[in-house]
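# Structure at a glance
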2 protein chains.
Amino acid sequence: MKHKKETPGLVGVVGLGLIGGSLGLDLQKQGWQVHGVVNRPITANKAKARGLAQVISTEPTILANCELVILALPLEQLLNPAQNLIKALPENAVITDVGSVKAPVLKRWAALHPRFVGSHPMAGTEKAGVEAGIQGLFRNRPWIATPNKYTDQDAIQKIRDVALSLGSEWLTTDAEIHDQAVALISHLPVVVSAALLSAVASETNPAIKKFAEKIASTGFADTTRVGGGNPALGTSMAASNTSALLKGLTTYRKHLEQLESLIISRNWVGLQTELEKTQIKRPKFL
Amino acid sequence: MKHKKETPGLVGVVGLGLIGGSLGLDLQKQGWQVHGVVNRPITANKAKARGLAQVISTEPTILANCELVILALPLEQLLNPAQNLIKALPENAVITDVGSVKAPVLKRWAALHPRFVGSHPMAGTEKAGVEAGIQGLFRNRPWIATPNKYTDQDAIQKIRDVALSLGSEWLTTDAEIHDQAVALISHLPVVVSAALLSAVASETNPAIKKFAEKIASTGFADTTRVGGGNPALGTSMAASNTSALLKGLTTYRKHLEQLESLIISRNWVGLQTELEKTQIKRPKFL
């Protein structure tokens, strides 16, 4: 059965930071009327100046009549939503979020709204806040939805249409699969990379440390990039995906210790065999 | 006292892989007559076809009359040099290498040639072999020399002139400082990054693994880049800089376990504080 695309109507975006602001810009370009909700009057003024939505307010009541509301909030606020926000969500609207962890979000929101669909557009820059939103952020990026057997099929279709209209690659999977996978490819690398920065910066010989800083090159920059990123984001990912991340860390430590053992025992044939395996494995993730 | 630059004369390059081949191309462009020594006749033919040197042979005797010889050999061959190579090095020539570890090289070569200077041009691509050399590889890259109190001052000057003529940034330090620093910013990241690839690829749930491969993005690609690099190079760095690398690994594990403890104890304030520190530390290495 073919799905009939609807004409863009009134959409609400709650939170106008990097993701919400970028959504506001792109959705307006697609013909939507965008109503944006922010926490503070000063943010509202900045968002207005940047044209992130046509109507911007700190009052969630502007979401009345929206057919679609996208909750572009930090995970903490998404998991502990304000009562006036919940009350302001139209009962017939499709509701989705943009959180990078899905099982706890689904668990919370299943009870709060009948047409909630969890989703995770995997896009970003190093910036955050009301100045961070840019046009075209979602183009050629995955937009993952995590429906379950209770999810409203029309609601999924509506979000899919929006994701495709913004140029995203549409993917669906179970929330648990999603959370385990992002723990491995996104949250674990943050910890691994942060520990590297922290270890190297802890060098106590000033001559070695100074020289290391001087000669550090693209290899070190790349390996430490995600560990030197947004601390609040890294923390909220760990806080909301703790068990999957800890599972990943346990596996990681095991593999690190295996490599270390090969080095301690000067087993260079064994080390080279392991590095040959990792060289072969990497392209699968690219 | 000003140093008088000499007119480029006859230079020998032993090994015409990524580094040696790139040196051959750049040195010819600077006016040098380049004699290149390779291991195998088939490599000699390929190197000739690519014009990596004017004279190319498997016989080190072509190094006779060279005023400068650059040993662009893998570390194993540099630490265990062939007897016919040692015999062929002119006694008055300046000899240097390009090895990424310096203390063991200096120790070996101090006894082999009176005008040896250890050096490490920090340049590279992901390629290796006789097809890998490119023009301009050393431009704006560090070229580190590790002289000691016995090192011939004129020899250092000659290598410095060459490094600067190829556009490198000239740095000098003690071999031990160099080796500890590269262990931290180059060799340790390889192990950290390889362990991450290995851990993620070991995921036993096929749905999670497949989804992880599908959504892995620039963050994962960057964090695993050096761990998916040349296995022989990674192994030889570990084999020749073992104690510094193991020291780095011990420190790394300590910092990793500290972050893991914060996550296990759900100490999100503590985790965010640590991530704020790493965010501040990273720019010093860029």
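Criteria and thresholds
Residues numbered from 1 in each chain as written. Chains lettered and ligands numbered in written order. Predicted model: local features only at pLDDT ≥ 70, side-chain atom pairs only at ≥ 80, totals over all residues. Heavy atoms only, no water. Helix = DSSP H or I, 4+ residues; strand = E, 2+ residues; numbered from the N terminus. Buried < 20%, exposed > 50% of the residue type's maximum accessible area, 1.4 Å probe, protein only. Contact = heavy atoms within 4.5 Å. Buried area = accessible area lost by both parts, 1.4 Å probe. Salt bridge = Lys/Arg side-chain N within 4 Å of Asp/Glu carboxyl O. Axes fitted to C-alpha atoms, helices over the stretch in contact; angles between N-to-C directions. Parallel < 35°, antiparallel > 145°, perpendicular 65-115°, else oblique. Left-handed = near helix turned anticlockwise from the far one by under 90°. Nonpolar A, V, L, I, M, F, W, Y, C, P; charged D, E, K, R; others polar. Core = buried A, V, L, I, M, F, W, Y, C linked by side-chain atoms within 4.5 Å. Pairing = 2+ DSSP bridges. Least-squares fit on C-alpha atoms with pLDDT ≥ 70 in both. Polar contact = N/O pair within 3.5 Å; in protein donor to acceptor, adjacent residues only side chain to side chain. pLDDT = per-residue confidence, 0-100. Right-handed = clockwise from strand over helix to strand, strands pointing away.

## Considerations on the environment of His178(B)
Of note, His178(B) is situated in helix α7 (residues 175-201). On the basis of relative accessible area, His178(B) is assigned to the buried category, the value being 0%. Here His178(B) is in contact with Phe211(A), Ser100(B), Val101(B), Lys102(B), His120(B), Ile144(B), Thr146(B) and Thr173(B), once residues within four sequence places are set aside.

## Quick look at the interface of chain A and chain B
Contact with chain A, which involves 85 residues of that partner, is made by 85 residues of chain B. Summed over both sides, the interface between chain A and chain B buries roughly 8,200 Å², with carbon and sulfur atoms accounting for 72% of that surface. Contact with chain B buries area across many residues of chain A, yet Phe211(A), Arg282(A) and Phe285(A) alone supply 9% of it, more than any other trio. Here chain A and chain B share 4 salt bridges between them. Asp222(A) serves as the salt-bridge partner of Arg225(B), at 2.7 Å between the closest nitrogen and oxygen.

## Quick word on the packing of helix α7 (residues 175-201) of chain A against helix α8 (residues 206-215) of chain B
α8(B) packs onto α7(A) with a crossing angle of 55° between their chain directions and a minimal axis gap of 8 Å. Taken together, the axis directions place α7(A) and α8(B) in an arrangement best described as oblique. Here the hand of the crossing between α7(A) and α8(B) comes out right-handed. Residues Ile177(A), His178(A), Gln180(A), Ala181(A), Val182(A), Leu184(A) and Ile185(A) of α7(A) form the contact with α8(B), whose participating residues are Ala207(B), Ile208(B), Phe211(B), Ala212(B) and Ile215(B). In the contact of α7(A) with α8(B), the residues fall into 10 nonpolar, 2 polar and no charged.

## Comments concerning unusual backbone geometry
Of note, the phi angle at Arg266(A) is positive, near 50°, even though the residue is not glycine. Inspection of the secondary structure puts Arg266(A) in the loop between α11 (242-264) and α12 (268-281).

## Some remarks on the side chain of Asn241(A)
Residues and elements named next belong to chain A. Looking at the secondary structure, you find Asn241 in the loop between α10 (231-240) and α11. Judged by relative accessible area, Asn241 falls into the buried class, the value being 6%. Aside from chain neighbours lying at most four places away, what touches Asn241 is Val101, Asp179, Val182, Ala183 and His187.

## Remarks on the nonpolar core
Ile185(A), Tyr252(A) and Tyr252(B) are the most contacted members of the largest nonpolar core, which totals 72 residues. Within the residue set of this core, elements represented by two or more residues are α7, α8 (206-215), α11 and α12 of chain A together with α7, α8, α11 (242-264) and α12 (268-281) of chain B.

## Comments concerning the sheet that holds strand β6 (residues 116-117) of chain A
Residues and elements named next belong to chain A. On the basis of which strands lie adjacent, the open sheet formed by 6 strands has the order β3-β2-β1-β4-β5-β6 and parallel pairing. At either end of the open sheet lies a strand with only one pairing partner, and these are β3 (55-57) and β6. The pairing of strand β1 (residues 10-14) with strand β2 (residues 33-37) spans 5 bridges and is parallel. Note that in β2 the partner of Leu10 across the bridge is Gln33.

## Notes on the relation of the copies chain A and chain B
When chain A is fitted onto chain B, the two copies agree to an RMSD of 0.1 Å after a turn of 180° and an axial shift of 0.0 Å. The symmetry that links the two subunits is that of a two-fold axis. In terms of proximity to the rotation axis, the leading residue of chain A is Thr223(A), whose C-alpha is 2.1 Å off the axis.

## Overview of the sheet that holds strand β9 (residues 169-172) of chain B
Judged by pairing direction, the sheet is mixed, and its 3 strands sit side by side in the order β7-β8-β9 (chain B) without closing on themselves. On the outer flanks of this sheet lie β7 (119-121) and β9 of chain B, each paired with one strand and no other. Averaged over neighbouring strand pairs, the angle between their axes works out to 20° when direction is ignored. Across 4 bridges, strand β8 (residues 142-145) of chain B lies against β9(B) in parallel orientation. For Ile144(B), the partnering residue across the bridge sits in β9(B) and is Leu171(B). Helix-sheet contacts for α8(A) involve β8 and β9 of chain B, and the interaxial angle to β9(B) is about 165°.

## Details of the pattern of salt bridges
Scanning all chains against the criterion turns up 12 salt bridges over all chains. Salt-bridge contacts for Glu260(B) lead to Arg253(A); the nearest nitrogen and oxygen are separated by 2.6 Å. Note that Glu260(B) is positioned in helix α11 and Arg253(A) in helix α11, a pairing that runs across two chains. A relative accessible area of 5% places Glu260(B) in the buried class. Here Lys277(B) ties to Glu274(B) by a salt bridge, and the two come within 3.1 Å at their closest N and O atoms. Here Lys277(B) and its partner Glu274(B) are both found in helix α12, 3 residues apart, which amounts to about one turn of the helix. Here Lys277(B) falls in the partly exposed class, since its relative accessible area comes to 37%.

## Comments concerning helix α10 (residues 231-240) of chain B
With 7 of 10 residues buried, α10(B) lies mostly within the body of the structure. Along α10(B), the positions that sit buried rather than exposed are Pro231(B), Gly234(B), Thr235(B), Ser236(B), Met237(B), Ala238(B) and Ser240(B). Contacts from the buried residues of α10(B) go to α12 of chain A together with α3 (75-79), α5 (103-110), α7 and α11 of chain B. Backbone nitrogen of Ala232(B) and a side-chain oxygen of the N-cap are separated by 3.0 Å at the start of α10(B); the cap is Asn230(B).

## Focus on the side chain of Ser236(B)
Its location among the elements puts Ser236(B) in helix α10. Every residue in contact with Ser236(B), bar those within four places of it in the chain, is listed here: Leu75(B) and Glu76(B).

## Considerations on the confidence of the model for chain A
Mean pLDDT over chain A stands at 95; residues scoring 70 or higher make up 98%. Interface predicted TM-score (ipTM) for the complex: 0.91; the corresponding pTM is 0.89.

## Some words on the packing of helix α5 (residues 103-110) of chain A against α7(A)
Two quantities define a packed helix pair, namely the angle between the axes and the distance from one axis to the other. All names here are of chain A. Relative to each other, α5 and α7 sit at 145°, their axes nearing to 8 Å. Between α5 and α7, the contacting residues are Ala103, Pro104 and Leu106 on the first element and Ala175, Glu176 and Asp179 on the second. Taken together, the residues that form the contact of α5 with α7 break down as 4 nonpolar, no polar and 2 charged.

## What about the environment of Glu169(A)?
Residue and element names in this part refer to chain A. Within the secondary structure layout, Glu169 lies in strand β9 (residues 169-172). Residue classification places Glu169 among the partly exposed residues on the basis of a relative accessible area of 39%. Distance from Glu169 to Trp143, taken between C-alpha atoms, is 5.8 Å for residues 26 residues apart in sequence.

## Let's talk about the pairing of β1(A)
All names here are of chain A. Burial runs high along β1: 5 of the 5 residues are buried. Every second residue of β1 is oriented toward a common face, with Leu10, Gly12 and Val14 on one face and Val11 and Val13 on the other, all of them buried. A crossover connection joins β1 to the parallel β2 through helix α1 (residues 18-29); in handedness this β-α-β unit is right-handed. Bridge count for β1 against strand β4 (residues 68-71) is 4 bridges, and the pairing is parallel. Bridge assignment links Val14 to a residue of β4, and that residue is Leu71.

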